[in-house]
Amino acid sequence: MLGLRKSLLDGTEAIYSSSGSDSIKVDSYSYREFMSDVKDQGNTMQCAAYSVAQVVEWHHRTMGVRRPKFDILDLYGRRSEAEGMSFKEVVSLLKDRYTLNGESHRIVEGVM
């Protein structure tokens, strides 16, 4: 979902042993460049909107967007209930549209 697809194996993949001299070992690795700052929803009922914002921003970072900013209030403002949202509603709203850096986007059949 949200652009994640199962990789199709074509036989060109590297195979690494979990032990022995042919193991690849690195001192460190970081996804920090793709991670956004932690968002604090405070005492609001916006947890679904906040969590999907992190996922959408991460996706756009991996696609080369330097500083993606998901509009949480826009998404939350389109909810059907007075407070809170279900994940199903969030996905439905993302298919309709979401706002990132002031521009409108949407997901289509698992592709952002």
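Residues numbered from 1 in each chain as written. Predicted model: local features only at pLDDT ≥ 70, side-chain atom pairs only at ≥ 80, totals over all residues. Heavy atoms only, no water.

The predicted model of the protein has a mean per-residue pLDDT of 80, with 79% of residues at 70 or higher. Here residues 1-5 scores under 50 on pLDDT; set against residues more than four positions off or in separate chains, the count is 12 contacts. (pLDDT = per-residue confidence, 0-100. Contact = heavy atoms within 4.5 Å.)

Our focus in this paragraph is the side chain of Glu89. Looking at the secondary structure, you find Glu89 in helix α3 (residues 87-96). One buried charged residue, Glu89, remains without a salt bridge, the closest side chain of opposite sign being Arg79 at 7.1 Å. Excluding residues that lie within four positions of it along the chain, Glu89 makes contacts with Arg78, Arg79, Ser80 and Gly84. (Helix = DSSP H or I, 4+ residues; strand = E, 2+ residues; numbered from the N terminus. Buried < 20%, exposed > 50% of the residue type's maximum accessible area, 1.4 Å probe, protein only. Lys, Arg positive; Asp, Glu negative; His and termini not counted. Salt bridge = Lys/Arg side-chain N within 4 Å of Asp/Glu carboxyl O.)

Here we come to the environment of Arg79. Inspection of the secondary structure assignment puts Arg79 in the loop between α2 (72-77) and α3. Note on Arg79: relative accessible area 24%, which makes it partly exposed. Put simply, Arg79 and Ala49 are 30 residues apart on the chain and 9.8 Å apart in space, counted from C-alpha to C-alpha. Other than its neighbours up to four places away in sequence, Arg79 contacts Gly84, Met85, Glu89 and Leu93. Here Glu81 takes part through its backbone oxygen, which lies 3.1 Å from a polar atom of the side chain of Arg79. (Polar contact = N/O pair within 3.5 Å; in protein donor to acceptor, adjacent residues only side chain to side chain.)

The tally for this structure, following the rule as stated, stands at four salt bridges. Two residues, Glu57 and Lys39, come together in a salt bridge whose shortest N-O distance is 3.2 Å. Of this pair, Glu57 sits in helix α1 (residues 47-62) while Lys39 sits in the segment before α1, placing them 18 residues apart in sequence. On the accessibility criterion, Glu57 (2% relative accessible area) is buried. With a shortest N-O distance of 2.7 Å, Asp74 and Arg97 are connected by a salt bridge. Taken together, the residues Asp74 in helix α2 and Arg97 in the loop between α3 and β1 (98-100) connect sequence positions 23 residues apart. Here the residues in one salt-bridge network are Asp74, Arg78, Asp96 and Arg97, joined through shared partners.

On to unusual backbone geometry. Located in the positive-phi region is Asn101, a residue other than glycine, with phi close to 55 degrees. Relative to the assigned elements, Asn101 resides in the loop between β1 and β2 (103-105). Residue Asn101 is classed as partly exposed on the basis of its relative accessible area of 40%.

In this section: α1. If you check α1, its first and last C-alpha atoms are 23 Å apart, about what 16 residues at 1.5 Å a residue would give, namely 22 Å. Within α1, the full set of buried residues consists of Ala48, Ala49, Tyr50, Val52, Ala53, Val56, Glu57, His59, His60 and Arg61. For α1, the secondary structure elements touched by its buried residues are α2, α3, β1 and β2. Once α1 finishes, Gly64 follows within two positions and takes phi at roughly 100 degrees, a positive value. (Expected span 1.5 Å × (residues − 1).)

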